[in-house]
Amino acid sequence: MSEHERELAEAQREHWQQTYGEHPGMYGEEPSEPAVHAAAVFRAAGAREVLELGAGHGRDALFFAREGFTVLATDFSPVGLEQLCGTAHAQGVAERVTTQVQDVREPLPFPDASVDAVFAHMLLCMALSTQEIHALVAEVRRVLRPGGAFVYTVRHTGDAHYQAGTGHGDDIWEHGGFAVHFFPRALVDHLAEGWILQEVHAFEEGGLPRQLWRVTQTVPR
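Let us look at the structure shown here. (Residues numbered from 1 in each chain as written. Predicted model: local features only at pLDDT ≥ 70, side-chain atom pairs only at ≥ 80, totals over all residues. Heavy atoms only, no water.)

1. Here we look at the packing of aromatic side chains
Okay, step 1: By the definition in use, this model includes 7 aromatic pairs.
Okay, step 2: Pairing Phe63 with Phe64 gives two aromatic rings, centres 5.9 Å apart and planes at 50°, and the pair type is tilted.
Okay, step 3: Note on Phe63: relative accessible area 10%, which makes it buried.
Okay, step 4: By relative accessible area, Phe64 is classed as buried at 0%.
Okay, step 5: Centre to centre, the rings of Phe150 and Tyr152 are 5.1 Å apart; their planes meet at 35°, and the pair counts as tilted. Summarising the burial analysis for this pair, Phe150 and Tyr152 share the class buried. (Phe/Tyr/Trp six-rings, centres within 6.5 Å; stacked < 30°, edge-to-face > 60°. Buried < 20%, exposed > 50% of the residue type's maximum accessible area, 1.4 Å probe, protein only.)

2. Focus: the nonpolar core
Okay, step 1: Counting residues in hydrophobic clusters, the biggest one holds 35 residues, and the most contacted among them are Leu53, Leu124, Val140, Phe150, Tyr152 and Phe183.
Okay, step 2: For this core, the secondary structure elements donating two or more residues are strand 1 (49-53), strand 4 (115-121), helix 5 (130-143), strand 5 (144-155), helix 6 (185-191) and strand 10 (210-218).
Okay, step 3: For this core, the element with the most residues is helix 5, which contributes 5 residues.
Okay, step 4: Not counting residues up to four positions away in its chain, the partners in contact with Phe150 are Val118, Ala120, Leu124, Val137, Val140, Leu144, Trp195, Val215, Thr216 and Gln217.
Okay, step 5: The next biggest cluster of nonpolar side chains, apart from the first, holds 25 residues, and it includes Val50, Ala73, Ala88 and Val93. (Core = buried A, V, L, I, M, F, W, Y, C linked by side-chain atoms within 4.5 Å. Helix = DSSP H or I, 4+ residues; strand = E, 2+ residues; numbered from the N terminus. Contact = heavy atoms within 4.5 Å.)

3. Points about the sheet that holds strand 6 (residues 166-169)
Two strands in a sheet stick together by hydrogen bonds in their backbones, pointing the same way (parallel) or opposite ways (antiparallel).
Okay, step 1: In spatial order, the strands read 6-7-8; together these 3 strands make up an open sheet with antiparallel pairing. The two strands at the open ends of the sheet, each matched to only one other strand, are strand 6 and strand 8 (178-181). Averaged over all pairs of adjacent strands, the angle between their axes in this sheet comes to 25°, without regard to strand direction.
Okay, step 2: With 3 bridges joining them, strand 6 and strand 7 (residues 172-175) adopt antiparallel strand pairing. Its bridge partner lying in strand 7, Gly169 is registered against Ile172. (Pairing = 2+ DSSP bridges. Axes fitted to C-alpha atoms, helices over the stretch in contact; angles between N-to-C directions.)

4. Here we look at the packing of helix 3 (residues 59-66) against helix 4 (residues 78-91)
Okay, step 1: Here helix 3 crosses helix 4 at 30°, and the two axes come no closer than 10 Å. In terms of their interaxial angle, helix 3 and helix 4 are classed as roughly parallel. In terms of crossing hand, the pair formed by helix 3 and helix 4 is right-handed. On helix 4, the residues that touch Ala61, Leu62 and Arg66 of helix 3 are Leu84, Thr87, Ala88 and Gln91.
Okay, step 2: Across the contact of helix 3 with helix 4, the residue classes tally to 4 nonpolar, 2 polar and 1 charged. (Parallel < 35°, antiparallel > 145°, perpendicular 65-115°, else oblique. Left-handed = near helix turned anticlockwise from the far one by under 90°. Nonpolar A, V, L, I, M, F, W, Y, C, P; charged D, E, K, R; others polar.)

On their own, these measurements won't tell you what the molecule is for.
Have a look at this one:
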């Protein structure tokens, strides 16, 4: 990691910590549309446990728990995970939810082929270099069991904020304090090499609106 990448990563960590601290439950309690889709995919694949990367304050992790899955929620923000734990207790699903502080730039702390399903909503399009994204997806591939599903979402180069704000290179643009790696379609295809790519679904979310892809890919059995 270059010095600039390291500084950007640390600045983004501090920005998210502050954002979650100032706006508890900033995304509300309703699950995202991709999480609802993912729950159906995971259930059809026979998954019992879900690893969520970048869980934030947990609207999707808590939804998975309410749906009956055992959930391990990870994020690089302890503040978001503290909010998640509090809400899990309030919703009566604390026994199905475990949290862990995890920077996805580091290897995932799980054995090979030990995880049923992985979910990541707008995590891969954070301030991660293309090299770091490839390393993360390789780690997801390593920890997933054969037949395991990975559902992730990313903002893409058709988004209105692409090439707006401060450019950091590698298709990373910072707007309003948040740095985003906007995905070209070729990157999605590269990340699916060695997987079964089941779907790349275009959708919109939030203000602007943001333009995203929801990607579903599975480990061959």
